[in-house]
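Chain by chain, the residues run as shown.
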Amino acid sequence: MVDEPAFIQSLRALATHPAARGLADDAAVLEIGGETLVLTKDMMVEGVHWPREQSLADVAWKLVAVNLSDLAAKGAEPVGVMLGYALGANDAAFLEGLREALDTFGVPLLGGDTVATPGQRTFSLTAIGRATHAPVPSRGGAPAGDGLYLCGLVGGAMMGFEALTGLGEADEAPFTRPTPLLAQGRALAPHVSAMMDVSDGLLIDAWRMAQASKVTIRIDSTAVPLAAPEARRGDALRWGDDYALLFTASSDASLPVEAARIGTVDAQGEAALQIDGEWLSGPEGLGYQH
Ligand SMILES: Nc1ncnc2c1ncn2[C@@H]1O[C@H](COP(=O)(O)OP(=O)(O)OP(=O)(O)O)[C@@H](O)[C@H]1O
Ligand SMILES: Cc1ncc(C[n+]2csc(CCOP(=O)(O)O)c2C)c(N)n1
Ligand SMILES: [Mg+2]
């Protein structure tokens, strides 16, 4: 079996349509009929994306939330979702969590597909959004000289996961019921040079932004706002599942939402990422990869 980056690299030869953005962004951006659609799809697999302890109501909520987070990162407003569902135990709980998420985020269910599987439960969602600002922010627009900012916190999902699985007492909600930063992403879109959501870990996602933008990103790790104890800072920067917004903007931009300045964009140097003065050449050890 090849790994995730190798498989996506092979797919790039097939995804030559401009809307695919070279498979180097959070979503596809499709101009059609005078509108700009933003399209994304995320899957969740039992044992990989949620532990057995987690209720399927929370899994359904999170499936919607993580997809809407990719729309948020492109400043898009949700238009609808399509569900891929594998039948099994606790279907009613899944339906209840799905209803709550659709109501909360005001997004209609438009369709989907249902199967039964002898293996692990697997769910997927396709989210369709409408761009609210042109150009639609990409991972690839960060110019040297801009600041690097984070809207939201990291480490909360890690702490919540540990509590859910019996290690500690933290609030489980950042892991079980994340909130996509839709209003913040929409407000930020006109002000940013690049934007993405943090799903696999702050450091690996910053590395991807630097790669896509052909720059070096320097991060001051002590400036990153945490939802975890200080002693867990290193883990919080790598664990992922936090769905904060990582973006670049000019240092003198007046930003419409609260965000922490956590670094600087430089011209391409020795490597894509520098953390507290130390060069990091590859993505290994920086976050979650399948
Ligand atoms: N099986 C696939 N077929 C086509 N494109 C894919 C496939 N898997 C990933 N991609 C594309 O690769 C790019 C990177 O995907 P990735 O899943 O890393 O982004 P993401 O959805 O923002 O992250 P996450 O899955 O951590 O939420 C995107 O353009 C995505 O559409
Ligand atoms: C049981 C369990 N163990 C570990 C994790 C952590 N985790 C799994 S996938 C992922 C990145 C986002 O996924 P993707 O890139 O597939 O969208 C993260 C942070 C979890 N959620 N559940
Ligand atoms: Mg994303």
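Since we're looking at a predicted model, the values are computed, not measured. (Residues numbered from 1 in each chain as written. Chains lettered and ligands numbered in written order. Predicted model: local features only at pLDDT ≥ 70, side-chain atom pairs only at ≥ 80, totals over all residues. Heavy atoms only, no water.)

In the vicinity of ligand 1, the contacting residues are I8, L11, L23, D25, D26, D42, D70, R139, S199 and D200. At 3.0 Å from an oxygen atom of ligand 1 is found a side-chain nitrogen or oxygen belonging to R139. Separating an oxygen atom of ligand 1 from a side-chain N or O atom of S199 is a distance of 2.6 Å. Partitioned by chemical class, the residues of the shell around ligand 1 number 3 nonpolar, 1 polar and 6 charged. (Near = heavy atom within 4 Å. Polar contact = N/O pair within 3.5 Å; in protein donor to acceptor, adjacent residues only side chain to side chain. Nonpolar A, V, L, I, M, F, W, Y, C, P; charged D, E, K, R; others polar.)

Right, let's get into the environment of E4. Here E4 shows up in helix 1 (residues 4-12). Distance in space between the C-alpha atoms of E4 and A271 is 21 Å, their sequence separation being 267 residues. Excluding residues that lie within four positions of it along the chain, E4 makes contacts with Q289 and H290. (Helix = DSSP H or I, 4+ residues; strand = E, 2+ residues; numbered from the N terminus. Contact = heavy atoms within 4.5 Å.)

As a further point, take the coordination of the magnesium ion (ligand 3). Protein coordination at the magnesium ion (ligand 3): the donors are D26 (OD), D70 (OD) and D197 (OD), at 2.0 to 2.1 Å from the metal. Along the chain, the residues donating to the magnesium ion (ligand 3) are arranged with the sequence spacing D-x43-D-x126-D. Taken together, the positions of D70 in helix 2 (residues 56-73) and D197 in strand 7 (residues 194-198) put the pair 127 residues apart, joining distant regions of the chain. D197 matches D70 in its accessibility class, with the two residues each being buried. (Donors = N, O, S within 2.8 Å, 3.2 Å for Na, K, Ca; no water. Buried < 20%, exposed > 50% of the residue type's maximum accessible area, 1.4 Å probe, protein only.)

Core analysis: the largest hydrophobic core is formed by 34 residues, its most contacted members being L150, L202, V224, L246 and L273. Within the second largest apolar cluster, 31 residues are counted, among which are V64, Y85, F123 and L125. (Core = buried A, V, L, I, M, F, W, Y, C linked by side-chain atoms within 4.5 Å.)

On to helix 3 (residues 91-105). Think of an α-helix as 3.6 residues a turn; residues three or four steps apart then line up on the same face. Given a rise of 1.5 Å per residue, 15 residues ought to cover 21 Å, and the 21 Å separating the end C-alpha atoms of helix 3 matches this to within 8%. Among the residues making up helix 3, those that are buried are F94, G97, L98, A101, L102 and F105. Projected down its long axis, helix 3 carries its buried residues within an arc of 135°, all on one side. Exposed residues pointing more than 90 degrees away from the buried face of helix 3 are listed as A92, L95, D103 and T104. Turning to helix 3, the residues buried within the fold contact helix 2, strand 3 (76-87), strand 4 (109-116) and strand 5 (122-131). G106 sits one or two residues past helix 3 and shows a positive phi near 60°. (Expected span 1.5 Å × (residues − 1). Arc of directions from axis to C-beta.)

Let's shift gears to the domain arrangement of the protein chain. When the domains of the protein chain are assigned, the result is domain 1 (4-131) and domain 2 (147-280). Taking the mean C-alpha position of each, domain 1 and domain 2 sit 21 Å from one another. If you look at the interface, domain 1 gives 24 residues, while domain 2 gives 20 residues. Buried area between domain 1 and domain 2, summed over both chains or domains, comes out near 1,900 Å², and the portion from carbon and sulfur atoms is 57%. Where domain 1 touches domain 2, the interface holds 4 salt bridges. Two residues, R186 and E77, come together in a salt bridge whose shortest N-O distance is 3.0 Å. Linking domain 1 to domain 2 there are 8 residue pairs in polar contact (both at pLDDT 80 or more). Those elements giving two or more residues to the side of domain 1 that touches domain 2 turn out to be helix 2, strand 3 and helix 3. (Domains from an automatic or database assignment. Buried area = accessible area lost by both parts, 1.4 Å probe. Salt bridge = Lys/Arg side-chain N within 4 Å of Asp/Glu carboxyl O.)

Pairing is mixed across the open sheet formed by 7 strands, whose spatial order is 7-9-6-10-8-11-12. Each end of this open sheet is capped by a strand with a single partner; those strands are strand 7 and strand 12 (278-280). On average, each strand axis in the sheet is inclined to that of its neighbour by 25°, with strand direction left out of account. Direction of pairing for strand 7 relative to strand 9 (residues 244-249): antiparallel, over a ladder of 5 bridges. (Pairing = 2+ DSSP bridges. Axes fitted to C-alpha atoms, helices over the stretch in contact; angles between N-to-C directions.)

We now examine the packing of helix 2 against helix 3. For the pair helix 2 and helix 3, interaxial distance at closest approach is 6 Å and the crossing angle is 35°. Note on packing geometry: the crossing formed by helix 2 with helix 3 is right-handed. Contact with helix 2, carried on its side by L56, A57, A60, W61, L63, V64 and L68, involves A93, F94, G97, L98, E100, A101, T104 and F105 of helix 3 and no other residues of that element. (Left-handed = near helix turned anticlockwise from the far one by under 90°.)

A few words now on the site of ligand 2. Taken together, 15 residues surround ligand 2, and among them H49, D200, W239, D241 and H290 come closest. H49 is positioned such that a nitrogen or oxygen atom in its side chain is 2.8 Å from an oxygen atom of ligand 2. In this structure, an oxygen atom belonging to ligand 2 sits 2.8 Å away from a side-chain N or O atom of D200. Protein chains bury 88% of the 520 Å² of accessible surface belonging to ligand 2 in isolation. Classifying every residue of the shell around ligand 2 gives 7 nonpolar, 5 polar and 3 charged. (Areas by Shrake-Rupley, 256 points an atom, 1.4 Å probe, with all protein chains shown as cover.)

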